[in-house]
Each structure stands twice: as C-alpha cells, then as structure tokens.
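# Notes for the structure review
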Amino acid sequence: MFKKIVIHNVVAVLSLSLLGSFSCIAAKIETRNYDVVVIGGGGSGATAALAAAQSGVKVLIIEKTRQLSGSTSLTKGMMGINTSLQQKRNMHLSTKEIFNKMESYTHLLFNGRLAKATVDNSAETIEWLMDNGVKLWLPERPQQYAHDAEEPIIYHMWNGHQGMAALTKAIQDAGGDILVNTEATKIYTNDDGSMRGVRAKSVDGTTYEIAAKAVVVATGGYIGNNKMMKDNGIVGHPMGWLPNDGLGMKMAWEAGAAKHGEKVTEYHATGIVDSNNRESKLFPRLEPLIHIPILWVDKTGQRYYNEDHVYDNALVSNALVSIGGQGNVIFDQDTLNQFSKNKIGLTDSFAQIRGVKGGFSGPLTTLQQDMEAAVKEGIAFKGNTLEELAENAGFLKNEFVKQVGDYNNYISTKDDKQFYKSKNSLKYQVSKGPFYSLQVTTYNLTTIGGIKINEKMEAVTADFIPVKGLYAAGNVASGLYSDSYMTIEGLTMGFAAISGRLAGLNSAKFSKSSN
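The following paragraphs examine the structure supplied in this document.

Reading across the sheet, the three strands line up as S12-S18-S21 and stay open at both edges, with mixed pairing between neighbours. The open sheet is flanked by strand S12 (259–260) and strand S21 (477–478), the only strands paired with a single partner. Here two bridges tie S12 to strand S18 (residues 450–452), and the two strands are oriented antiparallel to one another. Across the sheet, the residue bridging to His-260 is Gly-450, located in S18. Strand contacts of helix H8 (residues 247–254): S12 and S18, with the helix running at about 40 degrees to S18, the strand carrying the most contacts.

Following this line, the structure appears as structure tokens:
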C-alpha cells in the first residue's frame, strides 16, 4: 500500500536552454488513503460519492474541471417511475410497463438484470435526491410532442446546476472529500486483480497516489475525443460535455473490465451547422424550419423517413444517422412567404422547450433575409427551378424532381403512399419557385457505453466475472442500451443517478467487506 507522506521539491528537469542552463520546476507527490475513490464529478459520480459517504466509508471524488458538474449541469430532468410526485397527481406507473418498453425497444439486446435494477430503483433514487436537497418537479405535460398523449408523465424536471450544487453540499456534509482541477490517470490493481488505488494529477502539478479498496469510474463518454469519435464512426454535431475524452473507460479496460457498447451514441435532436461542424449563428432564426414535418430529403434528394418522427428527438436523429447524419429540408418561395407573414401551420416540435405559446412558431419576419444569408454561408441552397436547386445542392436531378412531384401529389390527395405521414402534416407543397434546401444535422449528446457492468454496477469481464472492487456508472457504463438511446424521456439522467447511487452503495459495501 501507499504510505501517507508528502514529498516536496522533487526536481524535474524540463529542458536545457541554448545557454547551457537548466529550466526546472518543483514537483510534488502526495499520497492519500480512502475506502472508495470515485473518478468523475458529474451526476453519476456525485451520486456515487454521496451514497458511499452516507454508508459510512471514507470517500474521495476526483473531478478534472473546477467543480462537480459534468453534462449533468446541462440537463433538465430525469426519468422517475411511481414517485411521490406522480402519486400526488394521481399518476400511477408500474416498473413492469417501463421494463417492457425497454425489452421492446432493444429487442432484448440488453442486460435484463441491469434494466430491472434501473426501473426498480428509480422511485427510491428520486426520493433520495429530494431528501438531499435536490429540487425536482413534474411538468404539466411531456416535453416532446410524440409523447404528449402519454400519462403518467415520467420526466421529472430539475435545474441541473441546482442539483449538482445540492449534491456537492451533501457530499461534504456526509464527510466526503472533493478534489477538483485534478485528473485521474491510472487505476492500480493488485496481483489478484483487485483494486489497489488511483493516480491523479492536479493542474498545479501535484501528483496524487491514492490507495483505495474500491474505485468507481463515472467519467462519462468520449464526445470530446475527436479521434475516438471518428474511429467509432460517430457522426453529427457534438453538443455534450466536451471534457469527456474517454480516459476513464480506457483506465477501466486496463484494470480488467471488458469493452462493451463503446460505439453506442445518444443521438438526440437536430441543428444547423457550418462546414466546420460548428453551430451556425443563423440557427436560432432558422430553427423552426427543422422542427416541423415538411419535406425532408437525403443527399440524393429523396425522402428517407416519415417526417412526423420530427416530434421525437431520438427518432428524428436516428433517421438522420441512417443517411450519414445530415439531411435537407425543402420548401418553396410560397411557403417562405407564408412563414414570414403568418404563424406556421404545423406544431413546432420544440415548442415546449422553447416556450412557444400555442405550439406554433412564427411569423418569421426576417426569414427571407435569413435564408439569403444561409445560402451565402453554404448551409442552404437556392434554385429558380427544381433542376437548378438539385444542381446547386448536389441532388440526383431526376430523382429529386420526381420526389417533389410525388410529394405534392400526396398533399393534394392527403394520402402519403410512400411513408404514410399523417394527413394533418401533409401541407405546404413545393411548387412555386424559387426553391430552397436547408441542411439539417443530427446532434449527439454523449456516447453511452464502454465499460461492461452487471446489475450491481460492478465492472465485469467478457464472461460477466466481476473485477474486484471496480465499478462504473452513468454514460461510461454499458449494458442498458442496444444500439441507440431509448425513447423514454429522461432515461440518460435517470440512469446516471440510479447507477451512481447503486455503485456508491455497492462499492461501500465491498470496501467494508475488505477490511
């Protein structure tokens, strides 16, 4: 084990100048001893640290940024099943119902015991969070129109910043230690494969050698690692927590955990980006155009899905992923004029989130100028004829012209024979030039896998043998999802809190048994 000692002024030679003198700095090595070390200070890490600390063990949570936050601080809510908040509104939901949804969505390509542990511990985790100062509430209606008819509401809203502040205070009140501006770089193991400790390095140059009986990896995905994203074929615009670089899962793999689900990504919602994959400054003004079920086509100029799926953030994104991550919204001058002067006659899929009263965006009074600017920026294309638009946008000319003709006929007959879009969405023909194409790109919030785990949040080998003392929670943990995010509102944040709490409880129990 590590001895508790601080060594000061260990000189490290950095460079030899041309004058022959040495440039030196003083490095510092500090050793510590804990029962449980949690790597990563987002929602899953914070809940793990709190649960472990409240179990009476000595806990340290390490976070490489300046405070406990992570992508959790950006979230707006989480899944809850049969909670007190739901019961107060006479909403009753069984864990069986949500578990069956998970089975159906994944086609059983998931860890059933992990999914069952997730739904079974949902209500208790929500109550525990509220007992520890986290403010949660139910909205008046679901946040996505695709789920509007669903009752009871499962999405429990919160302010992510308030939630993380409350968890930080609760960890400190429970006696847990927090080390920020410090990144874990290695997990040490004993000869028998059990955990021995963690190495970490602070921004001030201090190296920490930390003994621990159990380690919880809660470092999120790797959305900030461009190479890993490219190597794993992940497309779209990353809008998650960019400090997540995949180091945590790599350390866990080196410590004996199996790789699993590292390519699974939470594609969620859409946006407008430039040629460098940066969000366009025009996006806020053009956003309503990509939140309605008008004509959407792929890079060949042909439809690829039922545009009614725009009302589900996961499904609209998945459809874009199926064609490479980017599509095009098509409309004509007549439609542009209507949207400029009147409210759009189709519900905005983000109306709940954007606070659009009545659900209908518009009028978009600057739309003509904005589209002209979009054309100049290269995120939109224009043509006086359909053939010219096809040439400018790179579509297959004949296929595009035929597709538009077919689509206009579907609107005239109120019968979408191609993808069966609802009659109410069959509006706005594309018939009067000039014609426009606006690029739309899938967004990815995070990768959701990497470390194979069991229902106790223990990291396991490929054969499900637990790696002694190693746990994983949140987006870095794998087994809940099959190939994509499930259409269950708030599942990612719900799983982060649930898996974090269970990882904290189980790692604390393990560390006590190791005494």
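The next thing to look at is the packing of aromatic side chains. Applying the stated criterion to the full structure yields eight aromatic pairs. Between Phe-283 and Tyr-443, the ring centres sit 6.3 Å apart and the planes meet at 65 degrees, which makes this aromatic pair edge-to-face. Here Phe-283 is found in helix H9 (residues 283–286), whereas its partner Tyr-443 is found in strand S17 (residues 435–447), with 160 residues between them in sequence. Here the two residues Phe-283 and Tyr-443 agree in accessibility, since each one is buried. The residue whose ring lies beneath Lys-58 is Tyr-34, and the NZ or CZ to ring-centre distance is 5.0 Å. When the ring centre of Trp-253 is taken as reference, the NZ or CZ atom of Lys-259 above it lies at 4.6 Å.

What follows deals with unusual backbone geometry. Cis rather than trans, the peptide bond between Gly-362 and Pro-363 has omega equal to -5 degrees. Looking along the chain, the bond that leaves Gly-433 and enters Pro-434 is cis, with omega of 0 degrees. In this structure, Pro-434 sits in the loop between helix H15 (397–413) and S17. You will see that Asn-277, though not glycine, has its phi angle at about 65 degrees, which is positive. For Asn-277, the position within the fold is in the loop between strand S13 (265–271) and H9. On the basis of relative accessibility, which here comes to 29%, the residue Asn-277 falls in the partly exposed class.

Here the focus is the layout of surface pockets. The space that makes up the second largest pocket amounts to roughly 260 Å³. Asn-226, Met-229, Gly-236, Pro-238 and Asn-277 are the residues nearest the centre of the second largest pocket, which is lined by 15 residues in total. Secondary structure elements with two or more residues in the lining of the second largest pocket: helix H7 (226–231) and strand S11 (237–238). A per-element tally of the lining of the second largest pocket places H7 first, with three residues.

Attention now moves to the pairing of strand S3 (residues 59–62). A two-sided burial pattern is seen for S3, the buried positions comprising Val-59 and Ile-61 on one face and Leu-60 and Ile-62 on the other. Where S3 meets strand S7 (residues 177–179), three bridges bridge the pair, whose relative direction is parallel. Bridge pairing links Leu-60 to Asp-177 in S7.

If you walk through the whole model with that rule in mind, you get one cavity of 30 Å³ or more. For the lining of the largest cavity, the secondary structure elements donating two or more residues are S13 and helix H10 (313–321).

For helix H13 (residues 367–377), the complete set of buried residues consists of Leu-367, Asp-370, Met-371 and Ala-374. Down the axis, H13 shows its buried residues gathered within 100 degrees of arc, on one side only. Check the buried side of H13 and you find it contacts H9, strand S15 (326–332), helix H11 (333–341), strand S16 (380–383) and S17. Backbone geometry just downstream of H13 places Gly-378 in the positive-phi region, at approximately 90 degrees.

Conventions and cut-offs
- Residues numbered from 1 in each chain as written.
- Predicted model: local features only at pLDDT ≥ 70, side-chain atom pairs only at ≥ 80, totals over all residues.
- Heavy atoms only, no water.
- Pairing = 2+ DSSP bridges.
- Helix = DSSP H or I, 4+ residues; strand = E, 2+ residues; numbered from the N terminus.
- Contact = heavy atoms within 4.5 Å.
- Axes fitted to C-alpha atoms, helices over the stretch in contact; angles between N-to-C directions.
- Phe/Tyr/Trp six-rings, centres within 6.5 Å; stacked < 30°, edge-to-face > 60°.
- Buried < 20%, exposed > 50% of the residue type's maximum accessible area, 1.4 Å probe, protein only.
- Lys NZ or Arg CZ within 6 Å of the ring centre and 35° of its normal.
- 1 Å grid on protein atoms, 1.4 Å probe; cavity = no way out; pocket = protein on both sides within 12 Å on 5 of 7 lines; lining within 4 Å.
- Points joined across faces, edges and corners; volume = space filled by probe spheres on them.
- Arc of directions from axis to C-beta.

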